[in-house]
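# Architecture at a glance
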Amino acid sequence: MERDLTKGSVWKVLLRFSLPYLLSCFLQTFYGMVDLYVTGQFNGAAAISAVSIGSQVMHMLTVMIVGLAMGATVGLGVAIGSRQTGRASTIIGNTITLFAAGAVLLVAALLFFRDGIISVMSVPQEAVSQTREYLTICFAGIPFITAYNVISCVYRGMGDSRSPMYFVGVACVLNIALDFLLIGGLGMQAAGAAYGTVISQAASVVFALLYLKKKSAGTSRGGIRMKREDFRPQREVLSDLLKVGVPVACQDGFIQISFLVITMIANRRGVDVAAAVGIVEKIISFLFLVPSAMLSSVSAIAAQNRGAGLHDRARKTLYCAMAVTVSFGFLCFVTCQILPEQFVHLFTKEETVYVLGGQYLRSYSFDCMMAGIHFCFSGFFCAYGLSGFSFAHNLISVLCVRIPGAYLATVLFPDTLFPMGLAAPAGSTLSAVICVILFLAFREKFGLQRNRKPARPENSE
């Protein structure tokens, strides 16, 4: 279960770690897209809007949970890199305690504010009842969604990105089957998509626990042995977890809020625009799998190397990851310029929706390149305990470019969605510039000297 990420070719380690994680993200996003696809095949724009809006809310909550759990990923990486297995056990135990308590409180708060969320989202009237039903079901399933993502983050912090892939595979297969049964066979519309998501996540948690029990019975779990005391909250450990996790959660939350605000702006233009924007957001979330995988891979790999004092290797991991994300982003951008409407047409039969969606996707797709840069930097900053940097550049991007840019585009260009799609890549460009400046300004923190001098011979005296 525990894997050493401090040895061997950086390229090989990066690809070996990131590919299973990428496949996990692909499967998780894929069955989310299947929700929308199956809903669109059997229902109209109202159900599509309900699923797309509801899933955006759930996606925001999920990425914030994963962001908060990044503290565990980084903490475990540093502990394992420095061979502190006792501290690693305590980090795992405190993480479980923290998120178990948090999940219960989160469910109560979300159910209480459910109608307020729907109101703030400016959900089209035709889709309000189905959106309410979707969110109620998914909010009740928050403990399962939290458990799955925390277990996965713990595994990745120990250098194991393969096991979470098995967990999400179980959820994916079950979710697709339930979508066709509940949405297509039983006609449950948005509620069917919600039940499919929650049931499949619960099944993946059960599978993960059984898998962990089996692995533990046959191995020493890489030297990490859990004790009852590890689950007792410790102020220092929780402080370290939250110091990294809270800024990342806030960062991801602000990014998702910007998406939700843009969705709110779109919702006020009618159900067709709302459906088009919702579909494109799903497509973009799929295209962002590689940058997301690289962010988590860089944070886990660089954290272990930081713990081992291998700063050069940590920086090289960052450079390799950026090369991958920018290259992949360019291919996505070119493809979306050629076949934008065809991609949207996969999710809806309504011509107005896929024409509007094609306009939005054509401009939005430029973000596939720019976002990859600041995603990789964010992962690197987190590995060094500087997740506040990631929070800062994303906050500036959201407040100064993404939200005002989308609003102005809507006001100035009410007949097309193309200008509105430019707000996201413009924001990512600003984030990328800020990240480069921060990296150079704090180069000594990352093992780079401002004026590197030639090394003195060992026997120079």
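Details of the structure are given in the entry above.
Residues numbered from 1 in each chain as written. Predicted model: local features only at pLDDT ≥ 70, side-chain atom pairs only at ≥ 80, totals over all residues. Heavy atoms only, no water.

### Some remarks on helix H2 (residues 45-81)
Structural remark: α-helix, 3.6 residues per turn; residues separated by three or four positions point the same way. Put simply, the rule reads: Counting from the N terminus, the helices are DSSP H or I runs at least four residues long and the strands are E runs at least two residues long. Helices are assigned an expected span. That span is 1.5 Å times one less than the residue count. A residue's bend is the angle separating two fitted axes: one through the seven residues that end there, the other through the seven that start there. Think of it in three bands: with a 1.4 Å probe and only protein chains considered, a residue is buried below 20% of the maximum accessible area for its type, exposed above 50%, and partly exposed in between.
Taking 1.5 Å of rise per residue, the 37 residues of H2 would be expected to cover 54 Å, and the 51 Å separating its terminal C-alpha atoms lies within 8% of that figure. Its axis deflected by about 30 degrees at Ala 69, H2 carries its strongest bend there. Extensive coverage of H2 is indicated by the burial of 31 of its 37 residues. Positive backbone phi, approximately 65 degrees, marks Arg 83, located one or two places after H2.

### Some points on the environment of Leu 242
Counting through the fold element by element, Leu 242 comes out in helix H9 (residues 235-267). Classification of Leu 242 by relative accessible area gives partly exposed; the value is 33%. Separated by 129 residues in sequence, Leu 242 and Phe 113 place their C-alpha atoms 25 Å apart.

### Examining the packing of helix H6 (residues 142-157) against helix H7 (residues 162-185)
The line we're drawing: For helices, the fitted line uses only the C-alpha atoms of the stretch in contact; every axis is such a line through C-alpha atoms, and the angle between N-to-C directions lies from 0 to 180 degrees. Should an angle lie under 35 degrees it is considered roughly parallel, over 145 roughly antiparallel, and from 65 to 115 roughly perpendicular; all remaining angles are considered oblique. Note on definitions: a residue-residue contact is assigned when non-hydrogen atoms from the two residues lie within 4.5 Å. Gly is placed with the polar residues, together with every amino acid not listed as nonpolar (Ala, Val, Leu, Ile, Met, Phe, Trp, Tyr, Cys and Pro) or charged (Asp, Glu, Lys and Arg).
Two elements in contact, H6 and H7, have axes whose closest approach is 8 Å; the angle formed by their N-to-C orientations is 160 degrees. For the element pair H6 / H7, the angle class is roughly antiparallel. Contacts from Tyr 148, Ile 151, Ser 152, Tyr 155 and Arg 156 in H6 reach Ser 163, Pro 164, Phe 167 and Val 168 in H7. Looking at the contact of H6 with H7 residue by residue, the classes come out as six nonpolar, two polar and one charged.

### Digging into the environment of Arg 306
Looking at where Arg 306 falls in the secondary structure, it is placed in helix H11 (residues 289-307). Relative accessible area serves as the criterion here: at 29%, Arg 306 is assigned to the partly exposed category. Spatially, the C-alpha atom of Arg 306 lies 43 Å from that of Thr 136, the residues being 170 residues apart in sequence. Those residues in contact with Arg 306 that lie beyond four places of it in its chain are Val 78, His 311, Ala 383, Tyr 384 and Gly 385.

### Some details on the environment of Arg 362
Along the chain, Arg 362 falls in helix H14 (residues 351-364). Here Arg 362 falls in the partly exposed class, since its relative accessible area comes to 31%. Put simply, Arg 362 and Val 280 are 82 residues apart on the chain and 9.8 Å apart in space, counted from C-alpha to C-alpha.

### Here's the deal with empty space enclosed by the protein
Let me state the cut-off plainly: Buriedness for pockets is judged along seven lines, at least five of which must meet protein on both sides within 12 Å for an open set on the 1 Å grid over protein atoms alone, while cavities are sets there where a 1.4 Å probe fits but cannot get out, and lining residues have an atom within 4 Å of a point. Grid points are joined across faces, edges and corners, and a volume is the space filled by probe spheres set on the points.
Here the structure, examined in full by the defined rule, presents two cavities of 30 Å³ or more. One number sums up the size of the largest cavity: a volume of about 1200 Å³. What lines the largest cavity is a set of 50 residues, among which Thr 29, His 59, Thr 62, Val 63 and Ser 285 lie closest to the centre. Sort the elements by how many residues they give to the lining of the largest cavity and H2 lands first, with 10 residues. A breakdown of the residues in the lining of the largest cavity according to their chemical character gives 20 nonpolar, 23 polar and seven charged. Of the pockets and cavities examined, the second largest cavity occupies roughly 70 Å³.

### Let's talk about the side chain of Ser 378
The cut-off we apply is this: Polar contacts, as counted here, are pairs of nitrogen or oxygen atoms within 3.5 Å of one another; within protein the pair requires one atom able to donate a hydrogen and one able to accept it, and residues that are adjacent in sequence qualify only if both atoms are side-chain atoms.
Tracing the sequence through the fold places Ser 378 in helix H15 (residues 367-383). Engagement of the side chain of Ser 378 in a polar contact is seen with the side chain of Ser 390, the distance being 3.4 Å. In this structure Ser 378 touches Gln 251, Leu 295, Ser 390, His 393 and Asn 394, once residues within four positions along its chain are discounted.

### Considering the packing of aromatic side chains
The line we're drawing: In this analysis, rings of Phe, Tyr and Trp, with Trp reduced to its six-membered ring, are considered paired at centre separations within 6.5 Å, and the interplanar angle assigns stacked below 30 degrees, edge-to-face beyond 60, and tilted for intermediate values.
Within the structure shown, the criterion is met by 12 aromatic pairs. A ring pair is formed by Phe 288 and Phe 375, whose centres lie 5.8 Å apart and whose planes are at 80 degrees; its orientation type is edge-to-face. Note that Phe 288 is positioned in the loop between helix H10 (271-287) and H11 and Phe 375 in helix H15, a separation of 87 residues in sequence. Its relative accessible area of 9% is what places Phe 288 among the buried residues. Each ring, one from Tyr 319 and one from Phe 439, has its centre 6.5 Å from the other, and the planes form 80 degrees; the classification is edge-to-face.

### Here's the deal with H11
Taking 1.5 Å as the rise per residue, H11 with 19 residues should run 27 Å; its terminal C-alpha atoms sit 27 Å apart, in good agreement. Positioned one or two residues after H11, Gly 309 has a phi angle of 80 degrees, which is positive.

### Details of the packing of H2 against helix H5 (residues 128-140)
Test applied: Crossing handedness: left-handed means the near helix sits turned counterclockwise from the far one by under a right angle, and right-handed means the same turn made clockwise.
Following both chains from N to C, one finds H2 and H5 inclined at 35 degrees, their axes separated by 8 Å at the closest point. The way H2 lies across H5 gives a crossing that is right-handed. Where H2 abuts H5, its residues Ala 46, Ala 47, Ala 50, Val 51, Ile 53, Gly 54, Ser 55, Val 57, Met 58 and Leu 61 lie against Gln 130, Thr 131, Tyr 134, Leu 135, Cys 138 and Phe 139. Tallied by class, residues from the contact of H2 with H5 come to 12 nonpolar, four polar and no charged.

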